[in-house]
Amino acid sequence: MYQKYKNVETVKPGGLDLKDKLVGVQRVTKVTKGGRAFGFSAIVVVGDENGVVGHGLGKSKEVATAIAKAIEDAKKNLIRIPLNKGTVPHEQKGKYGGARVFFKPASQGTGVIAGGAVRAVLESVGVQDVLSKSQGSSNPHNVVKATFDALLQLRDAGTIAKQRNVSLEKVFKG
């Protein structure tokens, strides 16, 4: 699912204390010759609030079943995100469809300055201090995927040093 990203660490859900957050439920309609068939689509974010997060989509005729399916799907797509003292390591932009997301590190005590779907994802990751902006489409599906696009591009100092084949001290000097 995340093939285009380098250094993505997928995580198995066993042994993690995962908490789920419902981002949105939409009623969908299929028009048939016998009338309209109603169903529900749910998007859920799960995370351990310690750097592991995943998102999932579930569809069903009932809301509760759609949410349950979304949670199961989210547990299959868990990834580890690098965090730095309760915030993101650096500024990052993410894009998916018409949705664009931008976030940058904030000093301790700032809180999560984010709205809607971005807030749900960042809180599930375990970010306590961040400044963010969501632009373009407000469709929760696209906003969640744009946020994941940005999170997957985050790198910590150790990873950067390893990729450049230099010492950690040299990363901070340059």
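Reading guide: rules and limits
- Residues numbered from 1 in each chain as written.
- Predicted model: local features only at pLDDT ≥ 70, side-chain atom pairs only at ≥ 80, totals over all residues.
- Heavy atoms only, no water.
- Pairing = 2+ DSSP bridges.
- Helix = DSSP H or I, 4+ residues; strand = E, 2+ residues; numbered from the N terminus.
- Expected span 1.5 Å × (residues − 1).
- Buried < 20%, exposed > 50% of the residue type's maximum accessible area, 1.4 Å probe, protein only.
- Polar contact = N/O pair within 3.5 Å; in protein donor to acceptor, adjacent residues only side chain to side chain.
- Salt bridge = Lys/Arg side-chain N within 4 Å of Asp/Glu carboxyl O.
- Core = buried A, V, L, I, M, F, W, Y, C linked by side-chain atoms within 4.5 Å.
- Contact = heavy atoms within 4.5 Å.
- Patch = residues over 30% accessible without salt bridge, like charges linked within 9 Å, V, L, I, M, F, W, Y side chains within 5 Å.
- Areas by Shrake-Rupley, 256 points an atom, 1.4 Å probe, with all protein chains shown as cover.
- Axes fitted to C-alpha atoms, helices over the stretch in contact; angles between N-to-C directions.

S.K.: For this particular structure, what's the right way to read the pairing of strand S3 (residues 35-47)?
M.R.: Note that strand S2 (residues 19-32) and S3 share 13 bridges and pair antiparallel. In the sheet register, threonine 32 faces S3, and the bridge partner there is glycine 35. Hairpin connection between S2 and S3: a loop of two residues separates the two successive antiparallel strands. Where S3 lies against strand S4 (residues 52-60), eight bridges are found, and the strand directions are antiparallel. Bridging across to S4, alanine 42 finds its partner in glycine 58. With antiparallel pairing between neighbouring strands as the criterion, S3 and S4 make up a hairpin whose turn holds four residues, including glutamate 49 at a positive phi of roughly 60°.

S.K.: Would you explain helix H3 (residues 140-152) in this entry?
M.R.: Residues lying three or four places apart along an α-helix face the same way, a consequence of the helix completing one turn every 3.6 residues. Taking 1.5 Å per residue as the helical rise, H3 with its 13 residues ought to reach 18 Å, and the 18 Å between its terminal C-alpha atoms agrees with that figure. Burial analysis of H3 places eleven of its 13 residues in the buried class, which makes it a mostly covered element. Every buried residue belonging to H3 is among His141, Asn142, Val143, Val144, Ala146, Thr147, Phe148, Asp149, Ala150, Leu151 and Leu152, and all of these are buried. The distance from a side-chain oxygen at the start of H3 to the backbone nitrogen of histidine 141 is 3.0 Å, and the residue carrying that oxygen is asparagine 139.

S.K.: What is the right way to look at unusual backbone geometry in this model?
M.R.: Excluding glycine, residues mostly have negative phi values, and the peptide bonds linking residues are mostly trans. A positive phi angle is found at glutamate 49, which is not glycine, with a value near 60°. Along the polypeptide, glutamate 49 turns up in the loop between S3 and S4. At lysine 85, a residue that is not glycine, the phi angle is positive and equals roughly 55°. Looking at the secondary structure, you find lysine 85 in the loop between strand S5 (79-80) and strand S6 (92-96).

S.K.: How do you make sense of the pattern of salt bridges when you look at a structure like this?
M.R.: Scanning all chains against the criterion turns up three salt bridges. Two residues, lysine 19 and aspartate 17, come together in a salt bridge whose shortest N-O distance is 3.5 Å. The exposure class of lysine 19 is partly exposed, given its relative accessible area of 38%. Look at aspartate 17 and you get exposed, because its relative accessible area is 55%. Between arginine 119 and glutamate 123 there is a salt bridge, with its nearest N and O atoms 3.1 Å apart. Of the two residues, arginine 119 and glutamate 123 are both situated in helix H2 (residues 116-125); the distance of four residues between them amounts to about one turn of the helix. We classify arginine 119 as partly exposed; its relative accessible area is 31%.

S.K.: What is the right way to look at the nonpolar core in this model?
M.R.: One recurring pattern in soluble globular proteins: nonpolar side chains tend to sit buried together. Core analysis: the largest hydrophobic core is formed by 26 residues, its most contacted members being Phe103, Leu122 and Leu151. Contributing elements (two or more residues each) for this core: S3, strand S7 (99-105), H2 and H3. It is H3 that contributes the most residues to this core, seven residues altogether. If we skip the residues at most four places from it in the chain, phenylalanine 103 touches Val88, His90, Glu91, Gln92, Leu122, Val130, Leu131, Ser132, Thr147, Ala150, Leu151 and Leu154. Core analysis: the second largest hydrophobic core is formed by eleven residues, Leu18, Val44, Val52 and Ile71 among them.

S.K.: What am I meant to see in a nonpolar patch on the surface here?
M.R.: A contiguous nonpolar patch, built from Leu22, Val25 and Val63 and spanning about 210 Å² of accessible area, is present on the exposed surface. Its location among the elements puts leucine 22 in strand S2. On the basis of relative accessibility, which here comes to 43%, the residue leucine 22 falls in the partly exposed class.

S.K.: Got a minute to help me understand the sheet that holds S6 in this structure?
M.R.: Backbone-to-backbone hydrogen bonds join strands into a sheet, with any given pair of strands oriented parallel or antiparallel. Reading across the sheet, the four strands line up as S6-S7-S9-S8 and stay open at both edges, with mixed pairing between neighbours. Of all the strands in the sheet, just S6 and strand S8 (112-113) have a single pairing partner and so form its edges. In this sheet, strand S9 (residues 130-136) lies alongside S8 in parallel orientation, the contact comprising two bridges. Bridge pairing in S9 places valine 112 opposite valine 130. Against the sheet, H3 touches S6, S7 and S9, its axis set at about 140° to S6.

These figures come from the coordinates and say nothing about function on their own.
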